[in-house]
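Spelled out from the first residue to the last, the chains are:
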Amino acid sequence: MRHKPTPPKGNKSLGNALASKKKVSKNQVVFFDYRDERKLKRFINDQGKIIPRRITGLSAKEQNLLTHSVKWARFLAVIPYVTDEYK
């Protein structure tokens, strides 16, 4: 007699939604250059905020590198702090 598999604990609909939003696969080598505007804009939402780690799928070390690169790029005016529509 087969047993039904037990469903995972927690909110499984939230887990599926977050899994579909991941932007970076785990097998990629991640390097963030503060001068690469196109790459950094992938990790910034329309308000100019940095997308959190649970959505980007980055490790803690990679997210820290991303944060420092974004902040340095903002400081050097490579990317804006906020977009024009929110000013």
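Please read all numbers here as calculations on a predicted model, not as lab measurements. (Residues numbered from 1 in each chain as written. Predicted model: local features only at pLDDT ≥ 70, side-chain atom pairs only at ≥ 80, totals over all residues. Heavy atoms only, no water.)

## Overview of helix α4 (residues 60–75)
Under the 1.5 Å per step criterion, the end-to-end length of α4 is 23 Å for 16 residues, consistent within 8% with the ideal 22 Å. For α4, the full list of buried residues reads Gln-63, Leu-66, Thr-67, Ser-69, Val-70, Ala-73 and Arg-74. In this structure, the buried side of α4 is in contact with α2 (37–41) and α3 (53–56). Following α4 by one or two positions, Ala-77 has its phi on the positive side, about 65 degrees. (Helix = DSSP H or I, 4+ residues; strand = E, 2+ residues; numbered from the N terminus. Expected span 1.5 Å × (residues − 1). Buried < 20%, exposed > 50% of the residue type's maximum accessible area, 1.4 Å probe, protein only. Contact = heavy atoms within 4.5 Å.)

## Quick notes on unusual backbone geometry
In terms of backbone geometry, most residues other than glycine have negative phi values and most peptide bonds are trans. Even without glycine at this site, Ala-77 takes up a positive phi of about 65 degrees. Here Ala-77 is to be found in the segment after α4.

## Observations concerning the confidence of the model for the protein chain
One rule of thumb: low pLDDT means the predicted coordinates there are not for detailed reading. Here the protein chain averages 80 in pLDDT, while 70% of its residues score no lower than 70. Helix α1 (residues 12–21) is the least confidently modelled element of the protein chain, averaging 51 in pLDDT, while α4 averages 95, the highest of any element. (pLDDT = per-residue confidence, 0-100.)

## Points about the packing of aromatic side chains
In this structure the tally under the stated criterion is three aromatic pairs. On the numbers, 6.5 Å between centres and 80 degrees between planes, the contact of Tyr-34 with Trp-72 is edge-to-face. Placement of Tyr-34 in the loop between α1 and α2 and of Trp-72 in helix α4 is noted, with a sequence separation of 38 residues between them. Overall, Tyr-34 belongs to the partly exposed group, its relative accessible area being 30%. A relative accessible area of 42% places Trp-72 in the partly exposed class. An aromatic cluster is present here, built from Tyr-34, Trp-72 and Phe-75 joined pairwise through their rings. (Phe/Tyr/Trp six-rings, centres within 6.5 Å; stacked < 30°, edge-to-face > 60°.)

## So, the pattern of salt bridges
Pairing is possible between side chains that carry opposite charge, provided their charged atoms lie close to one another. The final tally for this structure, using the stated rule, is two salt bridges. One salt bridge connects Arg-35 with Asp-33, and the closest N-O pair in it is separated by 3.3 Å. A salt bridge links Lys-41 to Glu-37, with the shortest nitrogen-to-oxygen separation between them at 3.2 Å. Within this pair, Lys-41 and its partner Glu-37 are both found in helix α2, separated by four residues, close to a single helical turn. Glu-37 gets classed as partly exposed once you look at its relative accessible area, which sits at 34%. (Salt bridge = Lys/Arg side-chain N within 4 Å of Asp/Glu carboxyl O.)

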